[in-house]
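Listed below are the residues making up each chain.
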2 protein chains.
Amino acid sequence: MIEFQNKLEKNSQEIDRFLDSYLPSGNGLNSKLFKAMRYSSISGGKKIRAYLVVESGRFLSAVNNKDFTRSKYNELVTVASVIEAIHSYSLIHDDLPAMDNSPIRRGKDSNHIKFDDHTAILAGDALLSWAFEIIADSKFIVDPEKRSEICFVLAKAIGSNGMVGGQQADMDFTEQNYLNLEQIEWIQNHKTGALISCCSHVASILFNASDDQKSHLINYANHIGLAFQIADDLLDLDGNESSMGKPVMQDTKNKTPNFVTILGKEKATKRALEESCKAINLIQKFKLESENLVSLAKYTVNRNK
Amino acid sequence: MIEFQNKLEKNSQEIDRFLDSYLPSGNGLNSKLFKAMRYSSISGGKKIRAYLVVESGRFLSAVNNKDFTRSKYNELVTVASVIEAIHSYSLIHDDLPAMDNSPIRRGKDSNHIKFDDHTAILAGDALLSWAFEIIADSKFIVDPEKRSEICFVLAKAIGSNGMVGGQQADMDFTEQNYLNLEQIEWIQNHKTGALISCCSHVASILFNASDDQKSHLINYANHIGLAFQIADDLLDLDGNESSMGKPVMQDTKNKTPNFVTILGKEKATKRALEESCKAINLIQKFKLESENLVSLAKYTVNRNK
């Protein structure tokens, strides 16, 4: 597990280098915006989504007997960095007083605390536009068909029928305790799952995966997304603020129904492990070892152990 | 002028038809989000940006002796609708309590008043993602190179060095009265100008404009953008709430410096007319009449007369 964490860390540094190189900076009238965009994107989090993009691509290249070239790797890093920027935008907006009202994120002040509310709203907006600017830039991804398809898949994953739709439902049904398991799953699949699945999807586009390969990898991502969320709900109950980098017991405090409040701790733990195993089984269907994707599936349910 | 307003109205209806057909709808857990997205996008405003996209394309097709086919028109309507959706997203976020705190927009409750703050934030976010989903969709724009280039140009225009950057500076320097004319122009060129210029830019991409044609049309849009903003500042002073569809005297109330507070009413009026004339001169360089683009430049400074 320590070896895997080193791999995660190395990947995270690579993504930070990209973000640092290409996120805007300067001293103009809008310089506070640049600072806010950088504050929440660079050097934060484990960047599991980025790792999933890069390792999905590396795996597909091995499965299809293609060279994993430097230029292909660079395309993966581009898309992975963009997805992390989008993840950061969503966290900045989620933390706002009008949303979850969270003062702490990734062990430091949330964006709106460090800056102010209007800057946090605009930094999120600007990160979202930046993401599409980078994906659509011919400097980073050579094939225009792929640039366009990745924009499409990504926009769909994070829109009203994806990530943002899940956040809306999560907000609208906070403090209501009549949600059933199916509804909790719907919210999770949209709020967190859609962007995680998208990671394997965009790698499949970049590496010309067959329909079968694409669907296996997307299902793999679906399962680790679900395992990840259930583990998160368990950590919200058991974890501590310093290792989580954000306040814990939030769902209990806000009376938000989640996997643990509905299933109970024991069944939720079992379900997370099942999802992780299903993910590993899907990788094994490729008849080629992928130590990194298997480790990721295991890590998902063992993050803070 | 009445004939021109009829043309604007007809164009606006066409855009509303597109928005109504393709904005999401449904009864899921996220249905409030769909309602909020539609509330602020459909049936609101004169849709001057959309008109500029469509008429730039129609003009380029005449200038280059190409048929203005139905399919080309449909591509213009797609991009025009997307730009209006982006304009709507920016207004929803601008009106939030953490930003301009405006309760009224386009003659009705602002989005966060009609719904609530978290829905308004998410509706803006979702409209932004929807915009890129539509542009990148092969169903609407045939050529992947153009889909990708339009995504790029649009994302740049509305990002941290464009529209959102301008809004950030506008917010950060509200209530400060030491801004000079150059800084006011910088803010306007970013906050309002960048998206307006983008309208002619994307039409130039769709219609394979020469570099010269593209630069003339973008300059035309720059001038009408500036004329439009100065006229807006004048209307903020002289207009009335019912014809503006939003509260007036806001800049005076918020002590925000603008073209009128810096130049005075007379000089500001003169400057707006100059910008409108410069725009018309640029169109005349094409040696082909464009009644619609000339009317638009005139209308910009005569909106509420």
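Residues numbered from 1 in each chain as written. Chains lettered and ligands numbered in written order. Predicted model: local features only at pLDDT ≥ 70, side-chain atom pairs only at ≥ 80, totals over all residues.

Here's the deal with the overall build of chain A
Turning to step 1, where the next piece is worked out: The helix and strand tally for chain A stands at 15 helices and 2 strands.
Turning to step 2, where the next piece is worked out: Radius of gyration (C-alpha) of chain A: 19 Å, near the 19 Å computed for a compact globule of 305 residues.
Turning to step 3, where the next piece is worked out: The C-alpha extent of chain A, read off along each of the three principal axes, is 50 × 50 × 35 Å.
Turning to step 4, where the next piece is worked out: Within chain A, the fraction of its 305 residues that count as buried is 54%.
Turning to step 5, where the next piece is worked out: Restricting the contact set of chain A to residue pairs at least 6 apart, pairs at least 24 apart contribute 72%. (Helix = DSSP H or I, 4+ residues; strand = E, 2+ residues; numbered from the N terminus. Rg over C-alpha atoms; globule rule 2.2 N^0.38 Å. Buried ≥ 20, exposed ≤ 12 C-beta atoms within 10 Å, placed from the backbone. Contact = placed C-beta atoms within 7 Å.)

Thoughts on the relation of the copies chain B and chain A
Turning to step 1, where the next piece is worked out: Of the two same-sequence chains, chain B is brought onto chain A (RMSD 0.0 Å, axial shift 0.0 Å) by a rotation of 180 degrees. Interpreted geometrically, this transformation is the action of a two-fold axis. Across chain B, the rotation axis passes nearest the C-alpha of Ser148(B), at a separation of 2.6 Å.
Turning to step 2, where the next piece is worked out: A share of 100% of the interface residues of chain B reappears at the interface of chain A, consistent with the copies meeting face to face through the same patch. (Least-squares fit on C-alpha atoms with pLDDT ≥ 70 in both.)

Some points on the nonpolar core
Turning to step 1, where the next piece is worked out: Counting residues in each nonpolar core, the largest one holds 180 residues, and the members touching the most others are Val53(A), Ile135(A), Cys151(A), Val53(B), Ile135(B) and Cys151(B).
Turning to step 2, where the next piece is worked out: Once residues within four sequence positions are removed from consideration, Cys151(B) is found in contact with Phe132(A), Ala136(A), Cys151(A), Phe132(B), Ile135(B) and Ala136(B). (Core = buried A, V, L, I, M, F, W, Y, C linked by C-beta atoms within 7 Å.)

So, the interface of chain B and chain A
Turning to step 1, where the next piece is worked out: On the side of chain A, 47 residues touch chain B, which itself brings 47 residues to the contact.
Turning to step 2, where the next piece is worked out: Counting only elements with at least two residues in the side of chain B that touches chain A, the list comes to helix H2 (31-41), helix H6 (117-135), helix H7 (144-158), helix H8 (163-172) and helix H9 (181-206) of chain B.
Turning to step 3, where the next piece is worked out: With 12 residues, the top contributor of residues to the side of chain B that touches chain A is H6(B).
Turning to step 4, where the next piece is worked out: In the side of chain B that touches chain A, the residues fall into 25 nonpolar, 13 polar and 9 charged. (Nonpolar A, V, L, I, M, F, W, Y, C, P; charged D, E, K, R; others polar.)

Comments concerning the environment of Ala157(B)
Turning to step 1, where the next piece is worked out: The topology assignment puts Ala157(B) in helix H7.
Turning to step 2, where the next piece is worked out: Ala157(B) has contacts with Gly162(B), Met163(B), Ala194(B), Leu195(B), Ser197(B) and Cys198(B), leaving out every residue within four places of it along the chain.

Examining the environment of Phe140(A)
Residues and elements named next belong to chain A.
Turning to step 1, where the next piece is worked out: Within the element layout of this structure, Phe140 appears in the loop between helix H6 (117-135) and helix H7 (144-158).
Turning to step 2, where the next piece is worked out: In sequence terms Phe140 and Asn74 are 66 residues apart; their C-alpha atoms lie 7.8 Å from each other.
Turning to step 3, where the next piece is worked out: Aside from chain neighbours lying at most four places away, what touches Phe140 is Glu75, Thr78 and Ile134.

Topic: the packing of helix H9 (residues 181-206) of chain A against helix H10 (residues 211-238) of chain A
Residue and element names in this part refer to chain A.
Turning to step 1, where the next piece is worked out: At a minimum axis distance of 8 Å, the contact between H9 and H10 shows a crossing angle of 145 degrees. With respect to the hand of their crossing, H9 and H10 are arranged in right-handed fashion. Contact residues: H9 offers Gln188, Thr192, Gly193, Ile196, Ser197, Cys199, Ser200, His201 and Ser204, while H10 offers Gln213, Lys214, Leu217, Ile218, Tyr220, Ala221, Asn222, Ile224, Gly225, Leu226 and Gln229. (Axes fitted to C-alpha atoms, helices over the stretch in contact; angles between N-to-C directions. Left-handed = near helix turned anticlockwise from the far one by under 90°.)

Some details on the confidence of the model for chain A
Turning to step 1, where the next piece is worked out: Summing up the model confidence of chain A, the mean pLDDT is 93 and the portion of residues at 70 or higher is 92%.
Turning to step 2, where the next piece is worked out: Quick note on the complex model: pTM equals 0.95, ipTM equals 0.95. (pLDDT = per-residue confidence, 0-100.)

Describing helix H15 (residues 291-300) of chain B
Residue and element names in this part refer to chain B.
Turning to step 1, where the next piece is worked out: By the burial criterion, the buried members of H15 are Asn292, Leu293, Leu296, Ala297, Tyr299 and Thr300. Each buried residue of H15 lies within a common arc of 165 degrees when the element is viewed along its axis, so the set occupies one face.
Turning to step 2, where the next piece is worked out: Looking at the buried side of H15, the elements it contacts are helix H1 (2-22), helix H3 (48-63), helix H10 (211-238) and helix H14 (265-284). (Arc of directions from axis to C-beta.)

Quick look at H2(B)
Turning to step 1, where the next piece is worked out: Within H2(B) the residues assigned to the buried category are Leu33(B), Phe34(B), Ala36(B), Met37(B), Tyr39(B), Ser40(B) and Ser41(B).
Turning to step 2, where the next piece is worked out: Where H2(B) is buried, its residues contact helix H8 (163-172) of chain A together with H1, helix H4 (70-95), helix H5 (111-114) and H6 of chain B.
Turning to step 3, where the next piece is worked out: Of the residues one or two after H2(B), Ser43(B) is the one with positive phi, at around 65 degrees.

Digging into the environment of Gln213(B)
All names here are of chain B.
Turning to step 1, where the next piece is worked out: When you line up the elements, Gln213 lands in helix H10.
Turning to step 2, where the next piece is worked out: Exposure remark for Gln213: the 20 C-beta atoms within 10 Å place this residue in the buried category.
Turning to step 3, where the next piece is worked out: Between the alpha carbons of Gln213 and Ile283 there is a distance of 9.7 Å; along the sequence they are 70 residues apart.

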